[in-house]
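# Examining the three-dimensional arrangement
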Amino acid sequence: FYKARDQIVELAKALKFATDMGADPIPIKEALTEARKQFENKEYQTTIEVSKKGLADARRLAHDKAAADVDKCDGALKLGKKLGADMTEAEGILHRALESVAKEDFMESVSLTGQCIEAANAAMTRGEWVATTNCASPLRARSARSSASSSWRRGESAVSGSSSR
């Protein structure tokens, strides 16, 4: 009785966890419904088996969600590199996300992949601005960005070199 009850509680926690992660909770909901039904019918061994299957599904769904998010982050990184953006920050975050997946800390990995995508998008946004300077190489583009930035701080127009003050 107690073990069956504890399994249902764990399954309910797994359902909340999967929902919070953004994973598809339907298989877990179905398992929880079935486990509760079996528990009410005093089929405690069946309750335990159904709950264990539901917990295994929850673990698989969490892993799949984390892996999909890592793939999205990796895709954003590759795109940013292709555009010539500095993806150092995003790469570091992706590495931490992969470590979290390896430790089965799926909530942390999902959080980190969200941060990774934000960092990659920010880097690409900066890269798009640099691309509008019509510089052929990333080194010259960084130099142009630096020059334009320092000119802006001095109050000069980056295009004409004249002062706007």
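Refer to the structure printed above.
A few points on the structure. (Residues numbered from 1 in each chain as written. Predicted model: local features only at pLDDT ≥ 70, side-chain atom pairs only at ≥ 80, totals over all residues. Heavy atoms only, no water.)

## Quick word on the nonpolar core
One recurring pattern in soluble globular proteins is that nonpolar side chains are buried together. Stated precisely, the cut-off is as follows: In these notes, a set of buried Ala, Val, Leu, Ile, Met, Phe, Trp, Tyr and Cys residues joined through side-chain atoms within 4.5 Å is what counts as a nonpolar core. Relative accessibility under 20% of the residue-type maximum defines a buried residue, over 50% an exposed one, and the middle range a partly exposed one, all with a 1.4 Å probe and only protein chains included. Helix and strand definitions follow DSSP, with helices as H or I runs of at least four residues and strands as E runs of at least two, each counted in order from the N terminus. Whether two residues are in contact is decided by their heavy atoms, any of which lying within 4.5 Å being enough.
In this structure, Leu77, Met87, Ala90, Leu94, Phe106, Cys116 and Ala120 are the most contacted members of the largest nonpolar core, which totals 22 residues. Those elements giving two or more residues to this core turn out to be α3 (44-83), α4 (88-102) and α5 (106-131). Looking at this core element by element, the count peaks at eight residues for α5. What Ala120 contacts, discounting residues up to four positions off in sequence, is Ala76, Met87 and Ala90. Counting 14 residues, the second largest nonpolar core, distinct from the first, contains Ile8, Ala23, Leu32 and Ala58.

## So, the state of the cysteines
Note the cut-off: A pair of cysteine sulfur atoms is labelled a disulfide when the two atoms are within 2.5 Å.
Evaluated as defined, the whole model comprises one disulfide. In this model Cys73 forms its disulfide with Cys116; the gap between the sulfur atoms is 1.7 Å. Here Cys116 lies in helix α5 and Cys73 lies in helix α3, a separation of 43 residues in the sequence.

Keep in mind these values describe shape, not function.
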